[in-house]
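# A structural walkthrough
Listed below, chain by chain, are the residues.
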Amino acid sequence: MSASSMPPRVLISNDDGPPGKESPYIFGLYMVLTQTLGWDVKVVIPSSQKSWIGKAYQIKDIIKGAPKKIATYETAFSNPFLIQGRYYYPRAPDGKGETSEFSRPLKEGEVGEWVLLDGTPATCTNIALHNLYPDQIDLVISGPNYGRNSSSAFTLSSGTIGAALSACLSKKRAIALSFAWGAAQGNFRDVPQAGLGEYANALGVKIIQKLWEGWGKDDEGIRNGEVDLYNVNIPIVNELRQPGGLEIHWTRIWRNNYGQLFKQKDEGKKTEAIREAGPDAPPEPPTSIKTSPSESGPPETSSALVFRFAPQIDALVNPPLESLPHGSDGWALYHRKASVTPLRASFAEPLLESLCLATESGVEGLQQGREFKL
């Protein structure tokens, strides 16, 4: 029996943190994997929201216990930067639970023991694989993210994909799973979300199981000639309730871009609310929208160099159809289809034709290792 036909030992990570309004889907995914499929699942996630942080590792800033001053570069990595954690015990039906400084037996109604770390998604993955559960994980699932992770603009910023990339660099199979809002024919930001997460998780698990059992090949993959990771996006639409579910398509990343992401604190009178889960998360009800500055925000300052995150990315969330290449992940979401995108854990490289300058056009024998002449 092949390894892929055996139930995998799974690690779940994410960038949205523990179950709550900014992380509404992770508990449902855990329950389907453990209760329906019977898979062995560990969960190590950030203790708080960490969207838009990419594949960053936390080695000093923000980490509790870090010294305030570093004398030299050499001493920077010898100081005790401490990443603190707590055990978390979720309960049905919503995953809310207690935390504990120490591992303990489960109480009545608790369904598992998770770990919350004061670190980035990539940090959580690496610590889980090498410190908490060494040689005990076959597959890392990052997500489900509360919002899309399609197109280059979002994927290169995503903490969800960052956690999956961290797994790849430790030679583990990885899948990033995201539930998308907006950017469809007629737009679907106004689709009632009640109950759709359950359907999205069910479809996501079917895709995950199919990928695990038939993992694709990539001769240049960093793990045994396999695809490094898959990026899965599922739109939150009413079609999820239909017996046939959504169409699922193999896709490539829609290569796009963004511009200004920040504004000076006092620029403009009106402040648009950005949820901690990111600009693609569905808006909160008006009564719960926070504006900047807020009581929980940073202290006031008289400095002119104060900026706030205020991305102008509506064209990425709700793009016109003509801007979407056929077969791209953005194209799939626009047409209310789920997308599966194979990725490499590396910066993309152009074809061999790029291994020369424009002034060297017509050069023969282009290959890696060719001398770059000044």
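The structure under discussion appears in the preceding block.
Residues numbered from 1 in each chain as written. Predicted model: local features only at pLDDT ≥ 70, side-chain atom pairs only at ≥ 80, totals over all residues. Heavy atoms only, no water.

### Here we look at a nonpolar patch on the surface
Formally: Patches draw on residues past 30% relative accessible area with no salt bridge. Two like charges within 9 Å are joined, as are two nonpolar side chains (Val, Leu, Ile, Met, Phe, Trp, Tyr) within 5 Å. Only the protein chains shown count as covering a residue, and every accessible area follows the Shrake-Rupley method with a 1.4 Å probe. Salt bridges are defined by distance alone: a side-chain nitrogen of Lys or Arg within 4 Å of a carboxyl oxygen of Asp or Glu. Only runs of H or I of at least four residues qualify as helices and only runs of E of at least two qualify as strands under DSSP, and these elements are numbered from the N terminus. Burial classes: relative accessible area under 20% of the type maximum marks a residue as buried, over 50% as exposed, and values in between as partly exposed (1.4 Å probe, protein chains only).
The grouping of Tyr-57, Ile-59, Leu-169 and Ile-222 at the surface amounts to a nonpolar patch, some 340 Å² of accessible area in total. Considering the arrangement of structural elements, one finds Ile-59 in the loop between β2 (40-46) and α2 (73-76). According to the relative accessible area criterion, Ile-59 is partly exposed, its value standing at 43%.

### Notes on the packing of aromatic side chains
Counted only if it meets this: Here a pair means two rings of Phe, Tyr or Trp (six-membered ring of Trp) with centres within 6.5 Å. Their orientation is stacked below 30 degrees between planes, edge-to-face above 60, and tilted elsewhere. Working rule: Lys NZ or Arg CZ, within 6 Å of ring centre, within 35 degrees of ring normal, means a charge sits over the ring.
Across all of its chains, the model carries 10 aromatic pairs by this definition. Taking 5.6 Å as the distance between ring centres and 85° as the angle between the ring planes, the aromatic pair formed by Tyr-25 and Tyr-146 counts as edge-to-face. Residue Tyr-25 is found in the loop between β1 (9-13) and α1 (26-36), and its partner Tyr-146 is found in strand β6 (residues 139-146); the two are separated by 121 residues along the sequence. A single burial state applies to Tyr-25 and to Tyr-146, both of which are buried. With a centroid separation of 6.1 Å and an interplanar angle of 35°, the aromatic rings of Trp-52 and Tyr-258 are classed as tilted. A residue pair is termed long-range when its members are at least 10 positions apart, and Trp-52 in the loop between β2 and α2 and Tyr-258 in the loop between β9 (248-250) and β10 (262-264) qualify at 206 residues. With a relative accessible area of 25%, Trp-52 lands in the partly exposed category. Residue Tyr-258 is classed as partly exposed on the basis of its relative accessible area, which comes to 35%. Taken together, the ring pairs connect Trp-52, Phe-154, Tyr-258, Phe-262 and Phe-309 into an aromatic cluster. It is Arg-104 that lies over the ring of Tyr-89; its NZ or CZ is 3.9 Å from the centre. Above the ring of Trp-212, the side-chain terminus of Arg-173 is found at 4.7 Å from the ring centroid.

### Overview of the pairing of strand β8 (residues 229-235)
In plain terms, the rule: Here a strand pair is declared whenever DSSP counts at least two bridges between the two strands.
Of all seven residues in β8, seven are buried, a share of seventy percent or more. What you see with β8 is no split at all: Leu-229, Asn-231, Asn-233 and Pro-235 on one side and Tyr-230, Val-232 and Ile-234 on the other are buried throughout. In this sheet, β8 lies alongside strand β7 (residues 173-180) in parallel orientation, the contact comprising seven bridges. Each residue of the ladder has a partner; that of Ala-176, found in β8, is Asn-231. Pairing between β8 and strand β12 (residues 338-343): five bridges, direction antiparallel. When the bridges of β12 are listed, Leu-229 appears paired with Leu-343.

### Describing the nonpolar core
What counts, and what does not: The definition of a nonpolar core used throughout is a set of buried Ala, Val, Leu, Ile, Met, Phe, Trp, Tyr and Cys residues joined through side-chain atoms within 4.5 Å. Here a residue-residue contact requires only that any non-hydrogen atoms of the pair lie within 4.5 Å.
Within the largest apolar cluster, 41 residues are counted, with the highest numbers of intra-cluster contacts made by Ile-12, Leu-139 and Ile-234. For this core, the leading source of residues is helix α6 (residues 196-213), giving eight residues. The contacts of Ile-12, once residues within four sequence positions are left out, are Ile-26, Leu-29, Tyr-30, Leu-33, Val-41, Lys-42, Val-43, Val-44, Ile-45, Ile-141 and Gly-143. The next biggest cluster of nonpolar side chains, apart from the first, holds 20 residues, and it includes Ile-127, Ala-174, Ala-176 and Ala-345.

### Some thoughts on the sheet that holds strand β3 (residues 85-90)
Heads up, the condition is: For helices, the fitted line uses only the C-alpha atoms of the stretch in contact; every axis is such a line through C-alpha atoms, and the angle between N-to-C directions lies from 0 to 180 degrees.
If you walk across this open sheet you meet the 10 strands as β4-β3-β5-β2-β1-β6-β7-β8-β12-β9, and the pairing is mixed. At either margin of the open sheet sits one strand with a lone partner, and together these are β4 (97-100) and β9. Direction aside, neighbouring strands of the sheet carry axes that sit 25° apart on average. Taken strand by strand, helix α5 (residues 159-168) contacts β1, β6, β7 and β8, and its axis lies near 170° from that of β7.

### Things to note about the side chain of Glu-110
Rules: Any pair of nitrogen or oxygen atoms within 3.5 Å is treated as a polar contact; in protein, a donor-acceptor pairing is required on top of that, and neighbouring residues in sequence qualify only through side-chain atoms on both sides.
Secondary-structure assignment places Glu-110 in the loop between β4 and β5 (114-117). Separated by 2.8 Å, the side chains of Glu-110 and Arg-104 make a polar contact. In terms of polar contacts, Glu-110 uses its side chain to reach the backbone amide nitrogen of Lys-107, at 2.7 Å. Residues within four places of Glu-110 in sequence aside, it is in contact with Tyr-89, Pro-90, Arg-91, Glu-98, Arg-104 and Pro-105.

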